[in-house]
Protein chains: 2
Amino acid sequence: MTAAWEPAYARRAGRMRASEIRELLKLLEKPGVTSFAGGIPDPALFPIERVKAAYAAVLSDAAAANGALQYSTSEGYAPLREWIAQQMQAQGVPAQPGNILITSGSQQALEFLGKLFLDAGDTALVAAPTYLGALQAFAAYEPRYDTVRPGQGNETPEVLRARASANGGSAKFIYLVPDFANPTGETLTLAARQQALGLATDLDIPIIEDAAYAALRFEGEEQPSLQALSVADGGGLEASRVIYCGTFSKTLTPGLRVGWVCASEAIIRRLVLIKQACDLNSSLINQIIMHRLAEDDFAGQVTRARSHYRRRRDAMLAALAEQALPGVTWTKPEGGLFVWVTLPEHLDGAALLQRAIAEADVAFVPGGAFFTDGSGRNTMRLSYSLASDEQIRAGIAKLGGIIRPLLSGTKKLAE
Amino acid sequence: MTAAWEPAYARRAGRMRASEIRELLKLLEKPGVTSFAGGIPDPALFPIERVKAAYAAVLSDAAAANGALQYSTSEGYAPLREWIAQQMQAQGVPAQPGNILITSGSQQALEFLGKLFLDAGDTALVAAPTYLGALQAFAAYEPRYDTVRPGQGNETPEVLRARASANGGSAKFIYLVPDFANPTGETLTLAARQQALGLATDLDIPIIEDAAYAALRFEGEEQPSLQALSVADGGGLEASRVIYCGTFSKTLTPGLRVGWVCASEAIIRRLVLIKQACDLNSSLINQIIMHRLAEDDFAGQVTRARSHYRRRRDAMLAALAEQALPGVTWTKPEGGLFVWVTLPEHLDGAALLQRAIAEADVAFVPGGAFFTDGSGRNTMRLSYSLASDEQIRAGIAKLGGIIRPLLSGTKKLAE
């Protein structure tokens, strides 16, 4: 006998389903699989000795330890907020600690922002494809999604507004990953950034800037953040319509669960109330450790990560080029963790994954999951973050071996 | 110039306000105040040396450290889920690891359950007074509150159902803190527990059992948890209508942010999706540390905490008795951290707090904040967790000195 609570769940529960990716990734438990699937950092970069020394130092001082293991403020650890504010200042955003909220990774920031802005039926404007975790975070608040394509021609504000209104709500924000986006690895040009800000201004809505990968630039010209551009437009941070979500997960470690939001004080005050209601506060000891790690050697860590992932990216781009698959294209990321591959239209990434795992012990994420409209089935996301150069070369070769015979015909893989 | 986003916020934002308590507690920053306000554990009990040794051990093994600092599963660390399942088994609940979700403190569990069950306009049935943090967690989902009084005569199911329906929703769950409740310190008798389960059965809704203080019993007979009673009624855990929220915050430390939910697998699967969308996972290294602490010496830690808080409670009850204030009554908790004081009707706890801080350097929490209907203004919550025996004696004496002159007349304090 099992209690059947389904009918008692809130309506939003119907929107919160296990992702296709999650189901597919269960296949990865097969040993010996070369995975280009996860978008997770390489633990070889984790500063383990520094982490260990930092915990030991904090826990060796009784008063510090007592504080670090106690409940603490929802806003976050003051010295860490101060450190982050200074980093933001160095990037052209005049942030003070009151502009910073510490979150449990930037995923929590996205969830809070969905909670703050979205009523059921409202519209969230997102890129296509976009970060699946953002869609999952927003889903609880029952939005509709519409698409923006900064730099590639957006719909007019009138059209976007009319479609949102036809759904019974309004467009509440634009969500973008401007640097080395998950899943495409692409970066918005300065003109595209200005265009995104212009659209937000026309719609009079905020932009949520997800900067998860922004620190990991290997080459090319550093672009100002949307928040920095918005601040430069005048009015300072308090008048900015950009809400910036940062994280230490891709530079130092995701294991301490420390991210942040940088925004106007009015928005931070709202988010602090949400944080308090959601989990009281992020682990203080972890925040203290993260502050020590950041103070110690953030720049050095970023330099090591950039050089590490650059080599991996180079290996993957070379391996893809070597396969010379006709009709197959891919992005050339200037940073981050991902390459995005577009196959000919008749191929299906999900069906390809099943064959790739079964026949070649290679995994990746089919791209369809990153679209809100069911398109993109002929795409795939390849992460180069975890595989060695040799695994990348061999894995891409095996993948090429499966794809090549499929390119001549129009036979669907799934058939 | 400041961007005015207020009109863009979701409707729920209007429900998420800074609590009166939070405002009042700012007064505590005054140095030298004896605080009976916070409901937080005494750091003197934190097992600092064990925490330090546990971090050192995990971080000294490179493979373990790499894993501990990486992203991990939303469900939580498997050995910790196993340990908790065994604890639940020892309390009469046949839990398996699949029945356990690790959360960032039990506050996060409450928020997740609000998200899972509450549509706007639904009714949450709560005690009066009840834990303010639960009200804050649920508030985002725009419920109405109605009151249950297990053991003191509930409304009939028909009345509760009709009132929920009149509000356009339905009663979705009963939320209770059965052991040494925040804020009253009171414990439900076995008969009251059966009555609560009977009401939930009549309404065919779940009960959220908040067991935050359950381990801290000093004296009296151990009561079965609502979940254990429900399991004993037949059908096992999968058929149980009780969702149990536990935490290590009051026994080991709140600083690692580790709590859990124990429920049917169907509910846990739903909560895992919510966890994934909200913050991906709780810090794995903290979960590993908590598992080590729990395995090492959970029973010893609980024994020390019980004896420590028992002495503090004795000091507070003795101090209150010594004051012999006519018309003032208080609870005699058998465990936990709180004594609940009821003043004569004409006295106002919030006004009393302002005088207590200004004139006597003593703080507490006025009880009105714990009611959903504006009642209880003549009550106050006293926590004995942080003050020494001598501070308790002296602080209560000073408080008595302020209250005594007010007891003869009917003059309102606030006037």
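Conventions we followed
- Residues numbered from 1 in each chain as written.
- Chains lettered and ligands numbered in written order.
- Predicted model: local features only at pLDDT ≥ 70, side-chain atom pairs only at ≥ 80, totals over all residues.
- Helix = DSSP H or I, 4+ residues; strand = E, 2+ residues; numbered from the N terminus.
- Rg over C-alpha atoms; globule rule 2.2 N^0.38 Å.
- Contact = placed C-beta atoms within 7 Å.
- Domains from an automatic or database assignment.
- Nonpolar A, V, L, I, M, F, W, Y, C, P; charged D, E, K, R; others polar.
- Buried ≥ 20, exposed ≤ 12 C-beta atoms within 10 Å, placed from the backbone.
- Arc of directions from axis to C-beta.
- Pairing = 2+ DSSP bridges.
- Axes fitted to C-alpha atoms, helices over the stretch in contact; angles between N-to-C directions.
- Expected span 1.5 Å × (residues − 1).
- Parallel < 35°, antiparallel > 145°, perpendicular 65-115°, else oblique.
- Left-handed = near helix turned anticlockwise from the far one by under 90°.
- Least-squares fit on C-alpha atoms with pLDDT ≥ 70 in both.
- Core = buried A, V, L, I, M, F, W, Y, C linked by C-beta atoms within 7 Å.
- pLDDT = per-residue confidence, 0-100.
- Right-handed = clockwise from strand over helix to strand, strands pointing away.

Whenever I open this one, the overall build of chain A confuses me. Can you help?
Summing up its helical and strand segments, chain A has 13 helices and 13 strands in all. Its C-alpha radius of gyration of 22 Å places chain A within 12% of the 22 Å reference for a compact globule of 415 residues. In chain A, the share of contacts with a sequence separation of at least 24, taken over all contacts with a separation of at least 6, comes to 76%.

What is the right way to look at the domain arrangement of chain A in this model?
Size of an interface: often given as the accessible area lost when the parts come together. Residue and element names in this part refer to chain A. Under the domain assignment, chain A is made up of domain 1 (15-46 + 300-407) and domain 2 (67-297). Its C-alpha centre places domain 1 at a distance of 26 Å from the equivalent point of domain 2. With 32 residues of domain 1 at the interface, the matching set in domain 2 holds 33 residues. Broken down by secondary-structure element, the contributors of at least two residues to the side of domain 1 that touches domain 2 are helix H11 (284-323) and strand E10 (338-342). A class-by-class count of the residues in the side of domain 1 that touches domain 2 yields 15 nonpolar, 10 polar and 7 charged.

Whenever I open this one, the interface of chain A and chain B confuses me. Can you help?
The partner chain B presents 73 residues to the 73 residues of chain A that form the contact. Taken together, the elements giving at least two residues each to the side of chain A that touches chain B come down to helix H2 (48-60), helix H3 (62-68), helix H5 (105-117), helix H6 (132-139), helix H10 (265-279) and H11 of chain A. The element contributing the most residues to the side of chain A that touches chain B is H10 of chain A, with 9 residues. Across the side of chain A that touches chain B, the residue classes break down as 43 nonpolar, 18 polar and 12 charged.

What's the story with helix H12 (residues 349-360) of chain B in this structure? I'm lost.
Owing to its 3.6 residues per turn, the α-helix brings residues three or four apart onto one side. Residues and elements named next belong to chain B. Among the residues of H12, Gly349, Leu352, Leu353, Ala356 and Ile357 are the ones counted as buried. For H12, the buried positions fall inside an angular range of 130° around the axis, keeping them on one side. Among the exposed residues of H12, those pointing more than 90 degrees away from its buried face are Ala358 and Glu359. Within two residues after H12, Asp361 carries a phi angle of roughly 55°, on the positive side.

I would appreciate a short explanation of the sheet that holds strand E2 (residues 100-103) of chain B in the present structure.
Residue and element names in this part refer to chain B. Overall, mixed pairing links the 7 strands, which are arranged E2-E8-E7-E6-E5-E3-E4 in an open sheet. What marks the edges here is a single partner per strand, and that holds for E2 and strand E4 (144-147). The sheet shows a mean angle of 25° between the axes of neighbouring strands, taken without regard to direction. Together, E2 and strand E8 (259-262) form the strand contacts of helix H4 (residues 78-90), whose direction differs from that of E2 by roughly 120°. Along the sheet face, helix H8 (residues 190-203) touches strand E5 (171-176) and strand E6 (207-210) and points at about 170° away from the line of E5.

What is the right way to look at helix H2 (residues 48-60) of chain B in this model?
With 13 residues, H2 of chain B ought to run about 18 Å at 1.5 Å a step, and its terminal C-alpha atoms sit 18 Å apart, in line with that. Contacts from the buried residues of H2 of chain B go to H2 and H3 of chain A together with helix H3 (62-68) and helix H11 (284-323) of chain B.

Just checking my understanding: could you explain unusual backbone geometry for this structure?
Negative phi characterises most residues that are not glycine, and trans characterises most peptide bonds. Residue and element names in this part refer to chain A. Looking along the chain, the bond that leaves Ala128 and enters Pro129 is cis, with omega of 0°. The residue Pro129 is located in the loop between strand E3 (123-126) and H6 in this model. Despite not being glycine, Glu142 has its phi angle at roughly 55°, a positive value. Topologically, Glu142 is positioned in the loop between H6 and strand E4 (144-147).

Explain the environment of Arg311 of chain B to me, please; I cannot follow it from the model alone.
Turning to its location among the elements, Arg311 of chain B is positioned in helix H11. Once the C-alpha coordinates of Arg311 of chain B and Phe218 of chain B are considered, the two residues, 93 residues apart in sequence, prove to be 9.3 Å apart.

Would you mind showing me how to read the packing of H12 of chain B against helix H13 (residues 389-403) of chain B here?
When two helices pack together, their arrangement is captured by the angle between the axes and the distance separating the axes. Residue and element names in this part refer to chain B. Two numbers describe how H12 lies on H13: the axes approach to 10 Å, and their chain directions differ by 120°. The orientation of H12 relative to H13 falls into the category oblique. Read as a crossing pair, H12 and H13 show a hand that is right-handed. Along its contact with H12, which presents Leu352, Arg355, Ala356, Glu359 and Ala360, the element H13 presents Lys398, Leu399 and Ile402. For the contact of H12 with H13, a count of residues per class yields 5 nonpolar, no polar and 3 charged.

Mind showing me how you'd approach the relation of the copies chain A and chain B here?
Two chain copies, one operation linking them: a rotation about an axis together with a shift along it. Structural alignment of chain A on chain B gives an RMSD of 0.0 Å, achieved by rotating through 180° and translating 0.0 Å along the axis. Each copy turns onto its partner about a two-fold axis. Counting the interface residues of chain A, we find that 100% of their copies in chain B are interface residues as well, pointing to one common contact surface.

Which parts of the structure should I look at to understand the sheet that holds strand E13 (residues 379-383) of chain B?
Residues and elements named next belong to chain B. Across the sheet, which stays open at both edges, the 4 strands sit in the order E9-E10-E13-E12 with antiparallel pairing between neighbours. In this open sheet, the two edge strands, each paired with only one partner strand, are strand E9 (329-330) and strand E12 (365-366). The pairing of E9 with strand E10 (residues 338-342) spans 2 bridges and is classified as antiparallel. Within the sheet, the bridge partner assigned to Thr329 lies in E10 and is Thr342.

In this structure, what is going on with the nonpolar core? I would like to understand it.
Soluble globular proteins: nonpolar side chains tend toward being buried together. If you look at the biggest cluster of nonpolar residues, it comprises 272 residues, and the most contacted ones within it are Ile174 and Val261 of chain A together with Ile174 and Val261 of chain B. In contact with Val261 of chain B, other than residues within four places in its own chain, are Leu101, Thr103, Ala109, Ile243, Tyr244, Cys245, Ile268 and Leu271 of chain B.

What am I meant to see in the confidence of the model for chain A here?
Do not read the predicted coordinates in detail wherever pLDDT is low. Mean pLDDT over chain A works out to 94, with 95% of the residues at or above the 70 mark. In the predicted assembly, ipTM is 0.96 and pTM is 0.96.

Can you help me understand the pairing of strand E7 (residues 242-247) of chain B in this one?
The side chains of a regular strand alternate between both faces of the sheet. Residue and element names in this part refer to chain B. Summarising burial for E7: 6 of the 6 residues are buried, a large majority. Residues Val242, Tyr244 and Gly246 point to one face of E7 and Ile243, Cys245 and Thr247 to the other, with burial holding for every one of them. Both E6 and E7 contribute to a ladder of 4 bridges, which runs parallel. In the sheet register, Ile208 faces E7, and the bridge partner there is Ile243. What joins E6 to E7 is helix H9 (residues 226-232), and the crossover it makes is right-handed. Relative to E8, E7 runs antiparallel, the two being bridged by 4 bridges. Each bridged residue has a counterpart across the sheet, and for Gly246 the counterpart in E8 is Trp260.

Would you mind going over the packing of H5 of chain A against H10 of chain A with me for this structure?
Residue and element names in this part refer to chain A. As a packed pair, H5 and H10 sit with axes 10 Å apart at the nearest point and diverge in direction by 110°. The angle between the axes of H5 and H10 places the two elements in the roughly perpendicular class. For the pair H5 and H10, the contacting residues are Phe112, Lys115 and Leu116 in the first and Arg270, Leu271, Ile274 and Lys275 in the second. Among the residues making up the contact of H5 with H10, the classes are represented as 4 nonpolar, no polar and 3 charged.

Explain the pairing of E10 of chain B to me, please; I cannot follow it from the model alone.
All names here are of chain B. Counting buried positions along E10 yields 4 of 5 residues, so the element is predominantly enclosed. In this sheet, E13 lies alongside E10 in antiparallel orientation, the contact comprising 5 bridges. Counterpart to Thr342 in the pairing with E13 is Thr379.

Help me understand the environment of Trp5 of chain A in this model?
Looking at the element boundaries, Trp5 of chain A is found in the segment before helix H1 (20-25). Separated by 262 residues in sequence, Trp5 of chain A and Ile267 of chain A have C-alpha atoms that sit 36 Å apart. Discounting residues that sit within four places of it in the chain, Trp5 of chain A has contacts with Pro206, Ala266 and Ile267 of chain B.

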